[in-house]
Amino acid sequence: MADGILVVAEHLGGKLSDITFEMLGKAKALSGAGGDVTVLLIAGDASMAAELGAADTVAIVEGDGLADFNPESYGAALGAAVEAKSPRLVMVGYTAMGMDLASTLAVKRNLPHATFCLDVAIGDSITATSQCYGGKINVTTDLGAGPCVVSMLAGAAPADAGRAEGTPSTESLPAPASAGKIRFKRLIEPEAGDVDITAQEILVAVGRGIGSKDDIEVAEDLAEELDAAVAGSRPLIDAGWLPKTRQVGKSGLKVAPKLYLALGISGAPEHIEGMKSSATIVAVNSDKQAPIFNFAHYGMVADLFDVCEELTEALQERKG
Amino acid sequence: MKLVVLLKRLPDLVEDLEVDDSGKALDTEFLKFTLNEFDDYALEEALLLKEATDGELTVIALDGEDVDKMLYTALAKGADKALKIENAGEASGNRGLAGIFAKVVSSLPHDLVLTGVQSAEDIDGQLAPMVAAILDEPCVEVVTQVATADGGVSIHKEYSGGVVAEFEIDTPAVVGIQASRQAPRYAPVSKVRQIQESTTLETVAGSAADTSVFTVVQMTPPETGGGAQMLGNIGELIKVLESKGVI
Ligand SMILES: Cc1cc2nc3c(=O)[nH]c(=O)nc-3n(C[C@H](O)[C@H](O)[C@H](O)COP(=O)(O)OP(=O)(O)OC[C@H]3O[C@@H](n4cnc5c(N)ncnc54)[C@H](O)[C@@H]3O)c2cc1C
Ligand SMILES: Nc1ncnc2c1ncn2[C@@H]1O[C@H](COP(=O)(O)O)[C@@H](O)[C@H]1O
């Protein structure tokens, strides 16, 4: 009989990621209906286990080929843990690492799976709410009675709820052999940029709405008046219009300035992840349906070029 | 190197999206479709690999509105062969699509299968790891560059904060591409038209299995929470900036 919730812990560089605590807090809240909460800690050390006080059990897997994250060996360890524990619900982060694990697990073990999850509820059946179409539509699905897998979006639940003190029992799970078709080589740290966008009080952030590399100049002019730095969404960095060090979001940097001015950014979940803690968010977008307006404190449905120009002029006039 | 790229079309997110009367599906009447942006990066990375290895590149897509144009464009960019999967029935979600793609891919000699890391409607999982799991091949998601290596490929996978992990993978393998080393190339309209006039797309029969893994309870635009307070002009914006003490 499937019972209990299995939370897959995630860590990098010896540190548990926030997503682990976010899922653990959510799992705890569900445990009345869902049963005991087990955190699966693959290659974690004792200090990590000690941080997982909110769990009922910490299941630890150690073995060769697990020292660094590896989609193959971690996948096999997760598959074996699911076999051993037969949980009713498996929670995986919708993260760079979790993306390798959840869909594979779902297919290999033939389990229902929902990704992009903002929320999950357990009753007679398990339901999940997914944020789809770049944040424009939420989809609620019924995954059946369980077992099933959910991939949780970062920031969907508060991490604090998962940081409770406690003395979970620990158990050790065997590490299955892995075929060794994927080999971890090394980690490459990012190079430091000219500007540290995480240390700025004001960020003027531009998205694909800016249209071309040359037009970033209008944002730079505005940033100069505001004593701000220019940051950007991923597509601009991928296009080579801004350096990687200016990227805000899931695979970029997390920022929390006093003011985040988002120009021509749609508000995809991967972008929101990096800037939602900003004190004041002002969004300018020509699409009134743009999801960014669900997260911004203030919004303007307008052409970003008009706003940049008028605001820059108004600020110049104020200074006199 | 024998390369295969899986292409998927997606509702254009720039357009208004509406839920139909059932409350469980998108209203498709005015829906515009476009290539999943991450598949475009996958195609670019595959083209770069093809050029570097004197390889062979096949693109595959499920038949549907505007799919011919998508495939002709890929050919115009440099793909050698385009396969259109017909009569696959209504594939239910990505799990179904993964099965259909895996079946076609398994009949093709291939070293590397590339597709987008995700699409905005991947409710039931990501295509790359699911296709790989069915084919029993190794897979890495969130890949930003691929190079050939002894017995396989060497790839970069991106974590958060710009940290990158390097892996070596034995081929055949599947990768989910997040970004390509250079921005996707542009295919001139005239070249696409010329290809369209001189080429017939190859078709292959698909087979859909019942692979729905959940039932949709409802689709709704997200609740706006408090939502943004909307500003009408620059004067109002200036007042906000003043009240927040940032100017
Ligand atoms: C694993 C993974 C990691 C990712 N990491 C990140 C990340 O770190 N950071 C990130 O940003 N994204 C990330 N993404 C990408 C993310 O999914 C989106 O593709 C991206 O955020 C979209 O950027 P955008 O809003 O600039 O572009 P779009 O979504 O194309 O939005 C452009 C917006 O501009 C508006 N617009 C157009 N013209 C104008 C105008 N003249 N005036 C005003 N508005 C205008 C449009 O209405 C639209 O809303 C990641 C994706 C994946 C899969
Ligand atoms: N990457 C993976 N993710 C999840 N489960 C896996 C993975 N690899 C192997 N397994 C599990 O290991 C068992 C053997 O799988 P296989 O290696 O495909 O024969 C299956 O029952 C799976 O549950």
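Because the structure is a prediction, the values reported are computed rather than measured. (Residues numbered from 1 in each chain as written. Chains lettered and ligands numbered in written order. Predicted model: local features only at pLDDT ≥ 70, side-chain atom pairs only at ≥ 80, totals over all residues. Heavy atoms only, no water.)

## Quick look at helix H5 (residues 216-226) of chain A
Regarding H5 of chain A, the residues found buried are Ile216, Ala219, Leu222, Ala223, Glu225 and Leu226 of chain A. At its buried positions, H5 of chain A is contacted by strand S13 (202-206), strand S14 (229-232), helix H6 (234-238), strand S15 (259-263) and helix H8 (304-319) of chain A together with helix H6 (234-243) of chain B. Trailing H5 of chain A by a residue or two, Asp227 of chain A shows a phi angle of about 60°, which is positive. (Buried < 20%, exposed > 50% of the residue type's maximum accessible area, 1.4 Å probe, protein only. Helix = DSSP H or I, 4+ residues; strand = E, 2+ residues; numbered from the N terminus. Contact = heavy atoms within 4.5 Å.)

## What about the confidence of the model for chain B?
Mean pLDDT over chain B: 93, with 96% of residues reaching 70 or higher. Across the whole predicted complex the pTM is 0.94, and at the interface the ipTM reaches 0.93. (pLDDT = per-residue confidence, 0-100.)

## Examining the packing of aromatic side chains
In this structure the tally under the stated criterion is five aromatic pairs over all chains. Taken together, a centroid distance of 6.5 Å and an interplanar angle of 40° make the contact between Phe38 of chain B and Tyr41 of chain B tilted. Remark: Tyr41 of chain B and Phe38 of chain B occur in helix H1 (residues 37-53); sequence separation between them is three residues, near one turn of the helix. Both residues of the pair, Phe38 of chain B and Tyr41 of chain B, count as buried. Members of the aromatic cluster, each reached through a chain of ring pairs, are Phe69 and Tyr74 of chain A together with Tyr159 of chain B. Over the ring of Phe21 of chain A we find Arg163 of chain A, and its NZ or CZ is 4.2 Å from the ring centre. The lysine or arginine in question, Arg9 of chain B, covers the ring of Phe33 of chain B, its NZ or CZ lying 3.8 Å from the ring centre. (Phe/Tyr/Trp six-rings, centres within 6.5 Å; stacked < 30°, edge-to-face > 60°. Lys NZ or Arg CZ within 6 Å of the ring centre and 35° of its normal.)

## Regarding the packing of helix H4 (residues 98-108) of chain A against helix H4 (residues 127-135) of chain B
Where H4 of chain A contacts H4 of chain B, the two axes come as close as 8 Å, and the packing angle between them is 45°. Relative to H4 of chain B, the element H4 of chain A lies oblique. Judged by the sense of rotation from one axis to the other, the crossing of H4 of chain A with H4 of chain B is right-handed. Where H4 of chain A abuts H4 of chain B, its residues Met99, Ser103, Thr104, Val107 and Lys108 of chain A lie against Pro129, Met130, Ala133 and Ile134 of chain B. The residue inventory of the contact of H4 of chain A with H4 of chain B, partitioned by class, reads six nonpolar, two polar and one charged. (Axes fitted to C-alpha atoms, helices over the stretch in contact; angles between N-to-C directions. Parallel < 35°, antiparallel > 145°, perpendicular 65-115°, else oblique. Left-handed = near helix turned anticlockwise from the far one by under 90°. Nonpolar A, V, L, I, M, F, W, Y, C, P; charged D, E, K, R; others polar.)

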